[in-house]
Structures are given as C-alpha cells and as structure tokens.
Amino acid sequence: MKLKLDITPDLVAMMAAEIKAGERAVSTATREAGNSLKSSWRAQITGAGLGQRLARTIRSEQFPKGKPSLNAASLVWSKAPTIINAHDTGPLIRSKNGFWLTIPTPAAGRGLRGGKITPGEWERRTGLRLRFVYRRSGPSLLVAEGRLNARGRAVASRSKTGRGVATVPIFLLVPQVKLPKRLDLGRDAKTAQDALPGLIVANWVEGKVT
C-alpha cells in the first residue's frame with residue numbers, strides 16, 4: 001500500500017507569508033504604541049500646566065526604519081530631558097557652590113531672552129546695588145533701594161529728594177528647593193507596554209494586517 005501526502009498550498013510559502021504578516025503586525029503595533037505613548041506624555045505635560053512648548057519636545061521614532069521586523073521597536077524621548085526628568089522625579093535642588101539659591105521676585109523682571117535673571121545681571125542692568133538681609137524665619141533676601149515702575153519692576157529712583165524710594169526685595173535666598181513632582185511618565189509607559197501584545201494580535205489576523 002502506498003500513501004501520498006500533498007500539502008496545498010505549499011507549506012514553505014505559507015510559513016513565509018505568516019512570517020511577513022508577523023513582521024508587519026509587530027511593526028504596526030509598536031508604531032501605534034509609540035505614538036500613543038507620545039500623545040499621552042504630551043497630554044500629561046500640558047495637563048500639568050507646563051505648556052505646549054515643553055510638550056512638543058516629546059518625540060517618537062520607529063526602528064528599524066523603512067522595513068517591517070519581528071524585532072521592531074519604538075523610541076519615545078524628549079528633546080528637553082533635564083527639564084522633563086525634573087518634573088517627573090521632583091528632585092531636591094541645592095546651590096552648586098553650597099550657599100544660596102536665588103529666586104527672583106516679580107520686581108526683578110526677566111533676564112536676557114526671557115530667562116531667569118541673576119543678581120549680577122540685575123545689578124548691571126539697573127545700576128543698583130543689592131544688599132543682603134538675613135532672616136531667621138523664612139528665606140533671606142537680596143534687596144535694593146529704588147522704586148517700582150508701572151510694570152512692578154524695581155528701578156533706580158530719579159528723585160533728588162528720595163521721594164518714592166523704598167527697600168524692595170529683588171531675590172529670595174534659600175539653601176535648597178524641593179521641586180514638586182508634576183508628572184508620572186512611568187505610568188503611561190507601563191500602560192503602553194501592557195497594551196502592546198493586544199495590538200500585535202489585533203494586527204496579525206490570518207496572515208493579514210488589519
């Protein structure tokens with residue numbers, strides 16, 4: 001007795017097609033997970049009141065580029081990692097030289113290009129000298145003798161009689177600052193990771209990507 005087994009369609013072709021379907025499914029799923037995580041992080045940043053500009057620093061990229069793969073991966077990162085990490089971890093910030101951290105008051109105004117102004121820059125711009133005032137309770141101060149203009153900024157007084165001149169707090173001095181934790185990026189990353197197997201299955205149906 002002779003037995004003959006015919007496999008139709010060809011088994012090798014079926015396996016090759018299934019592998020390609022798997023490559024497409026994994027690549028599509030990782031891209032969807034990466035884009036979802038990027039959107040979640042951006043929404044979390046704007047929801048924390050940190051602004052659209054910082055949110056737009058969150059980017060995503062697919063690997064390998066230009067071709068599907070069973071080893072596909074998505075990278076989600078920020079172009080401002082130091083700022084993002086600070087809001088994600090809530091670190092304790094100390095002065096680099098071991099003395100004081102200077103925190104500008106509204107009377108100090110802004111520095112060049114809208115950044116944080118330093119005591120040295122403030123003195124050069126206003127021509128006023130800062131004076132240290134130590135306080136046992138609450139932050140110590142750097143103050144100046146001047147007046148507040150219409151925008152609430154401290155400036156030199158033009159009065160020859162001293163009228164309108166007051167001692168204005170320009171900087172608060174503190175030994176350290178605990179930055180509040182305003183983000184939880186790990187939570188969204190875990191959600192995206194947990195959703196990945198389901199995305200792969202949803203995109204891998206009978207050898208076709210849905």
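Structure's up top.
Quick caveat: nothing in here was measured; it's all calculated off a predicted structure.

Draft legend 1. Spatial organisation of the overall build of the protein chain. Within the protein chain one finds five helices and nine strands. Reading the protein chain from its N end, one meets helices and strands in the order α-α-β-β-α-β-β-α-β-β-β-β-β-α. Counting over 210 residues, the protein chain shows a buried share of 31%. Looking at the protein chain as shown, the accessible area adds up to about 14400 Å², and 57% of this sits on carbon and sulfur atoms.

Draft legend 2. The pattern of salt bridges, seen in detail. Tallying each qualifying case throughout the model produces seven salt bridges. Note that R131 is salt-bridged to E145, the shortest N-O span being 2.8 Å. Taken together, the residues R131 in strand 5 (residues 131–133) and E145 in strand 6 (residues 140–148) connect sequence positions 14 residues apart. Close ionic contact of D188 with R187 constitutes a salt bridge, the shortest N to O distance being 3.5 Å. Owing to a relative accessible area of 13%, D188 belongs among the buried residues under this scheme.

Draft legend 3. Helix 4 (residues 119–126), seen in detail. For helix 4, every residue scored as buried is listed here: E121, W122 and E123. Considering only its buried residues, helix 4 is in contact with strand 6, strand 7 (154–155) and strand 8 (166–174). G127, located one to two residues past helix 4, shows a positive phi value of around 75°.

Draft legend 4. Representation of unusual backbone geometry in the model. Cis rather than trans, the peptide bond between F63 and P64 has omega equal to -10°. Mapped onto the fold, P64 is located in the loop between strand 1 (58–63) and strand 2 (73–78).

Draft legend 5. Structural view of the packing of aromatic side chains. For the coordinates displayed, the defined rule picks out one aromatic pair. On the basis of an interplanar angle of 50° and a centroid distance of 6.1 Å, the ring pair of W100 and F132 is categorised as tilted. One end of the pair, W100, is in the loop between strand 3 (92–94) and strand 4 (101–104); the other, F132, is in strand 5, with 32 residues separating them in the sequence.

Draft legend 6. Layout of the nonpolar core. Grouped together as the largest cluster of nonpolar side chains are 14 residues, with contacts concentrated most on W41, I45, L50, L54, I58, I84 and L183. Those elements that provide at least two residues to this core are helix 1 (11–47), helix 2 (52–55) and helix 5 (185–202). The dominant element in this core, judged by the number of residues it contributes, is helix 1, at three residues. When sequence neighbours within four positions are dropped, the list of residues in contact with L183 reads Q44, I45, A48, L50, I84, H87 and D88. Formed by 13 residues, the second largest nonpolar core is a distinct cluster that contains I117, L130, I170 and L173.

Draft legend 7. The arrangement of the side chain of S27 in detail. As for its placement among the helices and strands, S27 is situated in helix 1. Taking the relative accessible area as the measure of exposure, S27 reaches 8% and is therefore buried. Discounting residues that sit within four places of it in the chain, S27 has contacts with Q62, K67, P68, S69 and A72.

Draft legend 8. Fine view of a nonpolar patch on the surface. The grouping of F99, W100, F132 and Y134 at the surface amounts to a nonpolar patch, some 480 Å² of accessible area in total. Looking at where F99 falls in the secondary structure, it is placed in the loop between strand 3 and strand 4. Residue class for F99 comes out exposed when judged on its relative accessible area of 59%.

Draft legend 9. Spatial organisation of the environment of N149. As for its placement among the helices and strands, N149 is situated in the loop between strand 6 and strand 7. Sequence-wise, N149 and A107 are 42 residues apart; in three dimensions their C-alpha atoms are separated by 9.1 Å. Looking at N149, its side chain comes within polar contact range of the main-chain nitrogen of R151, at 3.0 Å. Within the local environment of N149, its side chain forms a polar contact with the backbone nitrogen of R153, the two atoms lying 2.8 Å apart.

What counts as what
Residues numbered from 1 in each chain as written. Predicted model: local features only at pLDDT ≥ 70, side-chain atom pairs only at ≥ 80, totals over all residues. Heavy atoms only, no water. Helix = DSSP H or I, 4+ residues; strand = E, 2+ residues; numbered from the N terminus. Buried < 20%, exposed > 50% of the residue type's maximum accessible area, 1.4 Å probe, protein only. Areas by Shrake-Rupley, 256 points an atom, 1.4 Å probe, with all protein chains shown as cover. Salt bridge = Lys/Arg side-chain N within 4 Å of Asp/Glu carboxyl O. Contact = heavy atoms within 4.5 Å. Phe/Tyr/Trp six-rings, centres within 6.5 Å; stacked < 30°, edge-to-face > 60°. Core = buried A, V, L, I, M, F, W, Y, C linked by side-chain atoms within 4.5 Å. Patch = residues over 30% accessible without salt bridge, like charges linked within 9 Å, V, L, I, M, F, W, Y side chains within 5 Å. Polar contact = N/O pair within 3.5 Å; in protein donor to acceptor, adjacent residues only side chain to side chain.

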